[in-house]
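# Commentary on secondary and tertiary structure
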Amino acid sequence: KLCELLSASERQINFLVRSKPHVLEMRNAEEYIRSATTLFQERLGMSEHEARKIFLRMPYAPFGQSLEELDAKLDWFRNRLKLSKRNLRRLISTRPHILLHSLESRKAQIDTVQASLQMTDKELRFLVGSPTKPVLEKILSTSIKDITSRIDLLLKILAVDEDETEDDEKYRYDRASSAILKSPELLHTPEERVMESYNWIQQRLGIR
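Thresholds applied
- Residues numbered from 1 in each chain as written.
- Predicted model: local features only at pLDDT ≥ 70, side-chain atom pairs only at ≥ 80, totals over all residues.
- Heavy atoms only, no water.
- Helix = DSSP H or I, 4+ residues; strand = E, 2+ residues; numbered from the N terminus.
- Expected span 1.5 Å × (residues − 1).
- Buried < 20%, exposed > 50% of the residue type's maximum accessible area, 1.4 Å probe, protein only.
- Contact = heavy atoms within 4.5 Å.
- pLDDT = per-residue confidence, 0-100.

### Quick word on helix 7 (residues 103–116)
The end-to-end C-alpha distance of helix 7 is 20 Å, a good match for the 20 Å that 14 residues give at a rise of 1.5 Å each. For helix 7, the set of buried residues is Leu103, Arg106, Gln109, Ile110, Thr112, Val113, Gln114 and Ser116. As for helix 7, its buried residues are in contact with helix 5 (67–80), helix 8 (121–128), helix 9 (135–140), helix 10 (144–157) and helix 11 (166–182).

### Re the confidence of the model for the chain
For the chain, per-residue confidence averages 80 on the pLDDT scale, and 76% of positions sit at 70 or higher. When mean pLDDT is compared element by element in the chain, helix 7 scores highest at 91, while helix 1 (residues 2–6) scores lowest at 61.

### Thoughts on unusual backbone geometry
Even without being glycine, Lys82 reaches a positive phi, approximately 50 degrees. Its place among the elements puts Lys82 in the loop between helix 5 and helix 6 (85–94). Non-glycine residue Gln118 carries a positive phi angle of around 50 degrees. Topologically, Gln118 is positioned in the loop between helix 7 and helix 8.

So, in structure tokens, the structure goes:
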């Protein structure tokens, strides 16, 4: 029934069951999938086929979350990041696993990035909205402690001098944002490796 309901192959269903074995024990699994599919269709403007594919793209499908929880998360991401229905649909289609964790942890991670980089809402949307770079994905899979320490390190590296002006400071924060946009893995890279790379570049370019 799951194969038919999700328009999936037997291999895809086997993967789903291995990652979420309790789906077989859910009395209302079929009803839940139908209701969640309708929710995704209405909130994201998806076709029925596209909505059901969300369950197969996630390493752990959202079984167990109430429809109210899913709806609240969709609402929060759209409002917090000022996303259009089209952009929200793209976000959930490509990164459906962002629906897995609590809203509190998501809020804290995104708020920390915005505060640490002194970004406006518009700048934040530009940073996390890249269709080619998994910036939001990296942010949401990084602890608050690591986000803070990596951004602090970048800002330290990019410092001009002790007498920097307000324009210098703004430029430094913009460069840090650009660095994360170009290389989101910086949020996961150990500080020692970042410093080693930085020191190597300085030596190669004769910079002190």
